[in-house]
Amino acid sequence: FSYQIFARIENNLKTECYDTTVFTVSISATPTANDAEDIFECDDNDDGVLFFDFADAQTQVLNNQNAADFSITFHSSLADAENNANAINLPYQNTNSTEEIFVRIENNNNTTCFDTTSFNLTVFDTPTANAVQTVEECDNLDDGNNANGQREINLNNFDDAILGAQDNTLFSVSYHLTQDDANNNDNPISSPYYNTTPFSYQIFARIENNLKTECYDTTVFTV
C-alpha cells in the first residue's frame, strides 16, 4: 500500500513565499514466521551427518502467505536471522547431531519487514544388527519329549552378538517371528522362547535406537 504526502514550507512573515514537495509513504506487510516442525532423521552411515533442503520447513513457515511476496532464509543464530547475515546454503549439511536452525521470512519489497522463528534439527544413529551364526541346540526332556524338536531357548543370549561393540544403553534388541513384525516392531517374542515349529525355524532380530525407535536395523538367524 502506498500514498503521497504533499509538504508546504512558507515564510512566517510572508506566507505567499512558499515552496512545496511531495513524497510517497509505502506500507509493506510484515510476514508471519509460522512455526516449523522439528526435524528428526536417522543417520544412514553413523557419521552423524546428513543433507537437508528444508523444503517442508519453508512450506510450514510460509503457510498461507504468498510465496511471490516473501523470501525465506535459514541461519545458524538468531542474530544472523535478525540481521539477514550468513544465510545457510542449501542443501545444508549439519555439523552437530543436534542443532537449532533459525528462519527469517521477509517482505521482498521491504526487507526491514520480517519475522523469525526456529526449529530443532536432530540426527540419530542407526544401529547395525550384526549377524548371528546358525544356532544348534540339543533337544531335551524339559517338555517331556527329547525327540520332538522343541525346547525353550534364551533369546537374550544373542543380544551381545547382535549389538557387537554398540552401547547397550543406547540401543535395544527385540526378537520376532517374521520380517514384517521386526520391521514394524510388532509382536516381540518373550524370552525364553519355546518354538512351535519343530527342529528348524528362523528368528528375526531388531535393534533400535532408544531415543528414536524409527532408527533400526534387522537381521535373521536360524535355530
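Rules of the game
Residues numbered from 1 in each chain as written. Predicted model: local features only at pLDDT ≥ 70, side-chain atom pairs only at ≥ 80, totals over all residues. Heavy atoms only, no water. Helix = DSSP H or I, 4+ residues; strand = E, 2+ residues; numbered from the N terminus. Contact = heavy atoms within 4.5 Å. Pairing = 2+ DSSP bridges. Axes fitted to C-alpha atoms, helices over the stretch in contact; angles between N-to-C directions. Salt bridge = Lys/Arg side-chain N within 4 Å of Asp/Glu carboxyl O. Buried < 20%, exposed > 50% of the residue type's maximum accessible area, 1.4 Å probe, protein only.

On to the environment of F1. Within the secondary structure layout, F1 lies in the segment before β1 (2–10). Through-space distance from the C-alpha of F1 to that of S26 is 5.7 Å; in sequence the pair is 25 residues apart. Contact partners of F1, with chain neighbours within four places excluded, come to V25, S26 and I27.

Further remarks concern the sheet that holds strand β13 (residues 216–222). Sheet strands associate in pairs through backbone hydrogen bonding, adopting either a parallel or an antiparallel arrangement. An order of β10-β12-β13 is seen for the three strands of this open sheet, with the pairing classed as antiparallel. Across the chains shown, the open sheet's two edge strands, defined by having one partner strand only, are β10 (171–176) and β13. Mean inter-strand twist for the sheet, computed between neighbouring axes without regard to direction, equals 20°. For strand β12 (residues 202–209) and β13, the ladder comprises seven bridges, and the chain directions are antiparallel. The residue bridging F204 from the neighbouring strand is V220, located in β13.

Bringing the pattern of salt bridges into the picture now. In the structure shown here, the tally under the stated rule is six salt bridges. Among the salt bridges present, the one from E10 reaches R8, with a minimum N-O distance of 2.9 Å. What makes E10 partly exposed here is its relative accessible area of 36%. For the salt bridge of E16 with K14, the shortest nitrogen-to-oxygen distance reads 3.9 Å.

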